[in-house]
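# Architecture at a glance
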Amino acid sequence: MGRPTPSSSQNSLTVHDNRTGKSIEIVIEDNSIPATSFKALSAALEKGEREENETGKGLRVSDKGFLNTAVMRSEITYIDGDAGVLRYRGYPIEELALHSSHLETAYLLIYGSLPSSSQLKVWESEVMHHSVVHADAEQFFRSFRYDAHPMAILTSAFAYLGSYYSEANPSLQGQTLFTKGNPESLAVMDRQIYRLIGKATTLAAMAYRVRQGRSFVTPPTGLSYTGSFLYQMDHLGEENYKPNPILEKALDVLFLLHADHELNASATTVLQTASSLVDPYSAIAAGCASLYGPLHGGANEAVIRMLISIGSPANVPAFIEAVKKREKILSGFGHRVYKTSDPRSFIVRKTADEVFKITGKDELLETAMALHEAAMKDEYFIKRKLAPNVDFWSGLIYRAMGFPLDFFPVLFAVPRVVGWLAHWRQMMLQPGGVKIWRPRQIYVGASKREYVPVERRIPEEGSRKTPSQISHSGISKRTMLATFKGAKL
């Protein structure tokens, strides 16, 4: 680093390259600098240095896991991890959870402001009107095995949904379909937003019922977003059936809390996919697949499995010691962003109390309380700022409400569709248009090699350098030949 010269702007960064003696000044804007500025710092190859290092093409910025990389400017969600702050469009999450609803907050996230009474009425009506799916969807859902994971079904269903709407496909309608920003383009965009939010609960409910061997339920009229969702999952032909209003409200609060969380893994996946200007259904399906992973959407499921494995409050001290020795994994504590407490966890804890009044206390609650109390008093966890996050309590609520463990990620994905769409819409309408996301790599592989004929090659050894040999003992040679003969690979 060099010192700024007197002529340098105070709102800039001066970088000195010790290899060449060259200095560059980079303007700081919104507390950030463009990574492409470092391309100006090129150097000749040192003796013995590999040409693949490409030092003559400028420096590259390495950031594994995107720990300090900003890929866009956003007006949607603000997080201060050190202070434990989460705001949607400037509104504290605590106020929204207390006064708002999931669909009202969805409007806020996507369009930037809280709706008026008339705007909210139209918005809710449009979303609920678009909750019905084509009759052919029944056949699609019935094609899955009875034991298929609901996230695999839901991910496929979002992609399948896009096949119905050719008017929403930029590959068919032109690549500026969603980026023009004129009234016609915005209307097409809004229609897909209505469809994706409206049908998200329907697809999720169908994924639930197909595994129960039950017939599907047409979305009802006159119920709230989460009320309709619970109705579609649980209605068994009763007259005048309505979900419990307290459970309906609890699920609405949980949906609101999970609606967005800035550029997390799944939101980034949606935007990475959308940057190719693919249709929004394919982009949402990609986000759903990303959320499916255990490091993301499966966290609250992991909490329940952890609590089951602990067994009882009496076993908590031994579990705590095993975590310290890295013999056990602690789920539901700490967060990639929050360095203090997760602000959503306090709201979920209060919601849990309301749910338990209806369902009765879950048998795991005492274990969860004991673990929470022990961890909050232990210096090991205090020093590492490992406080309970939203997943710690939400899993207990879902379990108390009777949801299967493997359905928990679905209950994360359905409300997160709102956040994904908010970021997608913002990207499509950003000034300067959409650039495809194409990160660079640091190549550390082999230098140029000459092709060696097969009879002269020396076999590579090692489990990572050779494929595993899979046993086909249950398949006859004749069957294998019949299966693969003439196959197009």
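Because the structure is predicted, anything quoted here is derived from the model rather than measured.

Along strand β3 (residues 77-80), the buried face is formed by T77 and I79; none of Y78 and D80, which line the opposite face, is buried. The pairing of β3 with strand β4 (residues 85-88) spans 4 bridges and is classified as antiparallel. Counted as the bridge partner of Y78 is R87 from β4.

On to helix α2 (residues 102-111). Where burial is concerned, most of α2 is hidden: 9 out of the 10 residues are buried. Burial in α2 covers these residues: H102, L103, E104, T105, A106, Y107, L108, L109 and I110. Positive phi appears at G112, one or two residues downstream of α2, with a value of about 100°.

With respect to topology, 3 strands assemble into an open sheet ordered β3-β4-β5, the strand pairing being antiparallel. Edge positions in the sheet fall to β3 and β5 (91-92), since each of these pairs with one other strand and no more.

When the UniProt feature table is mapped to this numbering, "active site" (unreviewed entry) covers H335 and D391. By the secondary structure assignment, D391 is in helix α17 (residues 390-400). Not counting chain neighbours up to four residues away, the residues in contact with D391 comprise A299, N300 and V303.

Further remarks concern helix α7 (residues 183-212). Spanning 30 residues, α7 covers 44 Å between terminal C-alpha atoms, matching the ideal 44 Å at 1.5 Å per step. The largest bend along α7 measures about 35° and falls at K199. Counting buried residues along α7, 23 of its 30 residues qualify, which places the element largely inside the surrounding structure. Positioned one or two residues after α7, G213 has a phi angle of 75°, which is positive.

Turning our attention to the confidence of the model for the protein. Overall, the predicted model of the protein reaches an average pLDDT of 90, with 93% of residues at or above 70. Of the regions scoring below 50 in pLDDT, residues 1-7 engages in 8 contacts with residues more than four places distant in sequence or in other chains.

Let us look at the nonpolar core. Looking at soluble globular proteins, one finds that nonpolar side chains tend to be buried together. In terms of nonpolar packing, the biggest core is built from 121 residues, with W123, F141, F158, I197 and L371 touching the most fellow members. In this structure, W123 is in contact with L103, A106, Y107, I110, Y111, I193, Y194 and I197, ignoring residues within four places of it in sequence.

In this section: the pattern of salt bridges. Pairing between side chains of opposite charge can happen when their charged atoms approach one another. Taken as a whole and assessed by the stated rule, the structure comprises 17 salt bridges. With a closest N to O distance of 3.5 Å, E54 and K57 form a salt bridge.

Our focus in this paragraph is unusual backbone geometry. Positive phi outside glycine occurs at R89, with the angle close to 50°. According to the relative accessible area criterion, R89 is buried, its value standing at 18%. Of note, the phi angle at R326 is positive, near 65°, even though the residue is not glycine. Along the chain, the position of R326 falls in the loop between α13 (316-324) and α14 (343-359). Overall, the relative accessible area of 74% leaves R326 in the exposed class.

The rules behind each value
- Numbers given for residues are sequential positions, taken from 1 along each chain in its written order.
- Reporting of local features is limited, given that this is a predicted model, to residues whose pLDDT is at least 70; pairs of side-chain atoms are given and counted only at 80 or more, and all residues count toward the totals for whole chains, interfaces and linings.
- Excluding hydrogens and water, the side-chain figures rest on all heavy atoms present in the structure.
- Each residue gets one of three labels from its accessible area relative to the maximum for its type: buried under 20%, exposed over 50%, partly exposed in between, using a 1.4 Å probe on protein chains only.
- Numbering of helices and strands runs from the N terminus; a helix is a DSSP stretch of H or I covering at least four residues, while a strand is a stretch of E covering at least two.
- At least two bridges found by DSSP between two strands are what make those strands a pair.
- UniProt positions are given in the numbering used here, feature names are shortened, and annotations may be inferred rather than shown by experiment.
- It only takes one pair of heavy atoms within 4.5 Å for two residues to be counted as in contact.
- By this rule, a helix spans an expected 1.5 Å times one less than how many residues it contains.
- Given a residue, its bend is the angle between the two axes fitted to the seven residues that end at it and to the seven that start from it.
- Every residue is assigned a pLDDT by the predictor, reflecting its confidence on a scale from 0 to 100.
- What we call a nonpolar core is a set of buried Ala, Val, Leu, Ile, Met, Phe, Trp, Tyr and Cys residues that are connected through their side-chain atoms within 4.5 Å.
- Any carboxyl oxygen of Asp or Glu within 4 Å of a side-chain nitrogen of Lys or Arg constitutes a salt bridge here.

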